[in-house]
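# Summary of the model geometry
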Amino acid sequence: MTKAATSPPSGRGQPSAAGAFWALTVAQAFASVGSSPAGLATAEAARRLAAIAPGQGTGRRTSELALLARQFMSPIILILVVATLLSGALGDPTDAAIILAIVALSGLLGYWQERGATRAVEALLAVVEVQADALRDGKEIEVSIHDIVPGDVVRLKAGDVLPGDGLVLEADALLVDESALTGEAFPADKAAGVVAADAPPEKRSNTVFLGTHVASGSGTALILRTGADTEFGRISARLRQRPAPTGFERGMTEFGYLLLRVMVVLVVAIFIANVLLARPLLDSALFALALAVGLTPQLLPAIVTISLSAGARLMAARKVIVKRLDAIEDFGAMTILCTDKTGTLTAGLIELHDAMAIDGSPSDVVRRLALLNATLQVGFSNPIDAALVTAGGADTTAVSRLAEIPYDFVRRRLSVLVDDGGHHVLITKGALADVLAVSSAVQAEDGTTSPLDPARPAIQARFEALSAAGFRVLGVAVRDLGTATTATAADEAGLALVGLLTFLDPPKADVAQTVADLAASGISVRMITGDNRLVAAHVATLVGLGGGVLTGADVDAIGDEALADKVVDASVFAEIQPLQKERIIRAFRAAGRVVGYLGDGINDAPALHAADVGISVDTAVDVAKQSAAIVLLDKSLRVLLDGVHEGRRTFANTMKYVRVNTSASFGNVLSMAIASVVLPFLPLLPAQILLINFLTDLPATTIATDSVDPEQLATPRAWNLDFVRDFMIVFGLISSVFDVLTFITLRLGFGTGESLFQSGWFVESVATELAVLFVLRTRRPFFRSGPSRLLVL
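Residues numbered from 1 in each chain as written. Predicted model: local features only at pLDDT ≥ 70, side-chain atom pairs only at ≥ 80, totals over all residues. Heavy atoms only, no water.

Buried together is how nonpolar side chains tend to be arranged in soluble globular proteins. Counting residues in hydrophobic clusters, the biggest one holds 60 residues, and the most contacted among them are Phe331, Leu337, Ile615 and Leu640. With residues near it in sequence (within four places) discarded, Phe331 still touches Met315, Val320, Val613, Ile615, Ile630, Leu640, Gly643 and Val644. Membership of the second largest hydrophobic core comes to 33 residues, among which are Leu259, Val262, Ala673 and Ala675. (Core = buried A, V, L, I, M, F, W, Y, C linked by side-chain atoms within 4.5 Å. Buried < 20%, exposed > 50% of the residue type's maximum accessible area, 1.4 Å probe, protein only. Contact = heavy atoms within 4.5 Å.)

Bringing the confidence of the model for the protein chain into the picture now. Predicted coordinates in areas of low pLDDT are best not read in detail. Across the protein chain, the average pLDDT comes to 83, with 88% of residues at or above 70. When pLDDT is averaged over each helix and strand of the protein chain, the minimum, 42, is found for helix 8 (residues 236-240) and the maximum, 96, for strand 14 (residues 439-443). In the model, residues 53-60 has pLDDT below 50 throughout and makes 14 contacts with residues more than four positions away in sequence or in other chains. Taken as a whole, residues 236-241 scores under 50 in pLDDT and shows five contacts with residues more than four places along the chain or in a different chain. (pLDDT = per-residue confidence, 0-100. Helix = DSSP H or I, 4+ residues; strand = E, 2+ residues; numbered from the N terminus.)

Strands sit in the order 8-23-22-21-9-18-20-19 across an open sheet of eight strands; the sheet is mixed. Bordering the open sheet on either side are strand 8 (320-322) and strand 19 (548-551), each of which pairs with just one other strand. If you compare each strand with its neighbour and ignore which way they point, the axes differ by 25 degrees on average. The pairing of strand 19 with strand 20 (residues 570-574) spans four bridges and is parallel. Residue Thr551 lies in a different strand from strand 20, and its bridge partner there is Ala574. Sitting on the sheet, helix 20 (residues 560-569) touches strand 18 (524-528), strand 19 and strand 20, and the angle it makes with strand 20 is about 110 degrees. (Pairing = 2+ DSSP bridges. Axes fitted to C-alpha atoms, helices over the stretch in contact; angles between N-to-C directions.)

Bringing the packing of helix 16 (residues 456-468) against helix 18 (residues 533-543) into the picture now. Where helix 16 contacts helix 18, the axes come no closer than 7 Å and their chain directions differ by 20 degrees. Between helix 16 and helix 18, the interaxial angle falls into the category roughly parallel. Between helix 16 and helix 18 lies a crossing of right-handed hand. For the pair helix 16 and helix 18, contact is made by Glu464, Ser467 and Ala468 and by Leu534, Val535 and His538, respectively. Residue classes in the contact of helix 16 with helix 18 are distributed as three nonpolar, two polar and one charged. (Parallel < 35°, antiparallel > 145°, perpendicular 65-115°, else oblique. Left-handed = near helix turned anticlockwise from the far one by under 90°. Nonpolar A, V, L, I, M, F, W, Y, C, P; charged D, E, K, R; others polar.)

Bringing helix 13 (residues 364-376) into the picture now. In an α-helix, one turn spans 3.6 residues; hence positions three or four apart end up facing the same way. In this model helix 13 runs 18 Å from its N-terminal to its C-terminal C-alpha over 13 residues, within 8% of the 18 Å that 1.5 Å per residue would give. Taken residue by residue, helix 13 has Val366, Leu369, Ala370, Leu371, Leu372, Asn373, Ala374 and Leu376 as its buried positions. A side-chain oxygen of the first residue of helix 13 lies 3.3 Å from the backbone nitrogen of Val365; this N-cap is Ser363. (Expected span 1.5 Å × (residues − 1). Polar contact = N/O pair within 3.5 Å; in protein donor to acceptor, adjacent residues only side chain to side chain.)

Right, let's talk about the side chain of Thr428 for a bit. Relative to the assigned elements, Thr428 resides in strand 13 (residues 423-431). Note on Thr428: relative accessible area 0%, which makes it buried. There is a polar contact of 2.7 Å between the side chain of Thr428 and the side chain of Ser415. Setting aside residues no more than four positions away along its own chain, Thr428 makes contact with Asn373, Arg413, Leu414, Ser415, Val435, Gly475, Val476, Ala477, Glu492 and Leu495.

Residues Val730, Phe731, Ile734, Val737, Phe738, Leu741, Ile744 and Leu748 make up a contiguous nonpolar surface patch of roughly 760 Å² in combined accessible area. Along the polypeptide, Phe738 turns up in helix 26 (residues 721-749). (Patch = residues over 30% accessible without salt bridge, like charges linked within 9 Å, V, L, I, M, F, W, Y side chains within 5 Å. Areas by Shrake-Rupley, 256 points an atom, 1.4 Å probe, with all protein chains shown as cover. Salt bridge = Lys/Arg side-chain N within 4 Å of Asp/Glu carboxyl O.)

Attention now moves to unusual backbone geometry. Despite not being glycine, Ala173 has its phi angle at roughly 55 degrees, a positive value. When you line up the elements, Ala173 lands in strand 4 (residues 165-177). With phi around 55 degrees, Arg412 is a residue other than glycine that occupies positive phi space. With respect to the helices and strands, Arg412 occurs in the loop between strand 11 (399-405) and strand 12 (413-420).

The side chains of a regular strand alternate, residue by residue, between the two faces of the sheet. Side chains Val595 and Tyr597 of strand 21 (residues 595-598) all project onto a buried face; the interleaved residues Gly596 and Leu598 project onto the opposite face, where all are buried too. In the sheet, strand 9 (residues 336-339) pairs with strand 21 via four bridges, with the strands oriented parallel. Paired with Thr339 across the bridge in strand 21 is Leu598. Of the strand pairs in this sheet, strand 21 and strand 22 (residues 613-617) are connected by three bridges, and their pairing is parallel. Looking at strand 22, one finds that Leu598 is bridged to Ile615. In this region the chain leaves strand 21, passes through helix 22 (residues 605-610) and returns to the parallel neighbour strand 22; the handedness of that crossover is right-handed. (Right-handed = clockwise from strand over helix to strand, strands pointing away.)

Turning to a negative patch on the surface, a few remarks are in order. A cluster of acidic residues, Asp359, Asp364, Glu445 and Asp446, forms a negative patch at the surface. Positionally, Glu445 belongs in the loop between strand 14 and strand 15 (449-451). (Lys, Arg positive; Asp, Glu negative; His and termini not counted. Charge placed at Lys NZ, Arg CZ, Asp CG, Glu CD.)

What follows concerns the pattern of salt bridges. For the structure shown, the criterion picks out 32 salt bridges. Here Lys157 and Asp133 are joined by a salt bridge, their closest N and O atoms 3.1 Å apart. Taken as a pair, Lys157 in strand 3 (residues 153-157) and Asp133 in strand 1 (residues 131-136) lie far apart in primary sequence, 24 residues in all. The partly exposed category is assigned to Lys157, whose relative accessible area is 43%. A relative accessible area of 14% means that Asp133 is categorised as buried. Across the pair Asp420 and Arg368 runs a salt bridge, and its minimum N-O distance is 3.0 Å. With Asp420 in strand 12 and Arg368 in helix 13, this pair connects stretches of sequence that are 52 residues apart. The partly exposed category is assigned to Asp420, whose relative accessible area is 23%. In this structure Arg368 comes out as partly exposed when scored by relative accessible area, which is 26%.

As structure tokens, this is what we get:
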């Protein structure tokens, strides 16, 4: 084997092919990045990765400095700091130092908590990170796609995500889905060779691109560009586009606007009132700004991150890995779960039940042809072919593979051209309807053929009877291609149907109970499958899915608005193609549902992107795993239900902080607005206001550990801004009543002056806000809902 390359040709940190690399020969391409067919040496790959410019690396970790700076980037905080510095310069350095110290402590607390939470989530994500098969030191190893560098040689198989732009070195029926880059729905055929330098991306048949994925077949590629140097990286407009905000993000944004409106009105009014009362302008400004900070849930970003990351850790303990923290709320708020059938509702252990001739009798000929098709194809692994190989029952050693027409989700057929004792035979296996569409005859056991049309009614009746009994039925057909050694999809014509294959995949033992439990938790399960409607309806009945059935033809026949009405009443979607899955998901969202989609196949990526929360499994193909926001370590609806409950628990604890903080802060600000008008002095010093905010936020950092009342986990939960606003006003006003009683007691009962009044109210504010935390953390009477031990401490 050729020695692994150890150094770039020009000494650059990241060698990268310049110009039209698709017009280079393989030898020129290797020379351009200082590599070889054996790939890179491990040490050289590490050196190149370390030298990659910012923006081309992994981007997986926020820098310590950026995380710290983020704690102080609020405009209110910045204005407060500037005003405090101005106050110190004008002769009040002690108070200025105290205020700055409290601001710094708040920021450091948020930084420390968020840093720990972020690192914990990164450790969880490493469990489900997408890998590439790269050659390092001449050996094939798994490498994170983020760690691939120019010069790496990568092996490709169906479902793999391309980690960069590169040149195809070897290809065996290699089809690559480039829809993310070109918009073309059909996969592109890839092969080694040289392409004209001026060829557009969609014509570069020897090139693979970052962000695309292998649809079928296998191959090897030399990665020449990564990160911003790639075709995808150069489309800056696409890179700047953010994904649609999640429900949690939308709720946080609306909540922020609500606080901003309340804060502006109160703070401006208080500032004007103090100025009219002839109090010092700078003192009035500092007091108003401190109130603004007091009203603002300053630690909310940190509390949210802590709460979500704690939820992510708990969900990981239940075999649910959260890739995007903000998806937790949508996971808990999910009302519709769309899922495939195989391996989720069924056991996923597909078994060959029978191989039969056209007349329904068992057939060794059909079994052998199907086994040849399954063992000689190299497109991608699938349960059907695995079941055929496991069943065996025929000798295939004397047969060789000549060519292959890979399976795709439009044709729904797989054809292999074989040399069977000198006869070049095209063997086609696939969905019966799609095999019949390219067949014109039927072939008997003795090899004689007759026209298909007279036999078609009997074949269709047998198909329907088997499907209604829960069997998945495939057709097997052949065609003699004479001396041909290659084959294309055009050769799938005039075939002779030889027989049928039946497969059985029974429902999981506990799936009916789990579906019922999901329904009791407010989540309606809907099946989306490529299987025919009879099989799908049979399985749906066994697992307890009621409702109607919509087929792919039904979906195509109606417009988007009508589909949004139709999908609500359907529980089974059968004979569905990949792009139809995405349309069904969008229809549910248009109908106002929060939709989760569970999928693990190559054709599931569009639907995973379209759903409110895309869910996959750790054994899924890379493109599905990369597209998902949630990854299950066990493909089980029971695991998913456990994760949903943890998601709801996390959201409930996050909302506790929002409710308690906003109501208490609003009450305090309102009380101070009243006090600042009726008292001859400021009711609290700016430093005291900030210290109250800091001290009462400290226990809130443990809110993520709090226990949650069972009724809060029983149904989907989402942001309800009207409820938050009403809660803030009602309990804020109640809090203000106690504050006013405190004012009266301090001024009239004890005749306190400025310093004693401020000290007394400071103590009362801290004590009552902590008490409020325990009372308002539950909707039950507080003595009937026990807080967590850490929160109590």
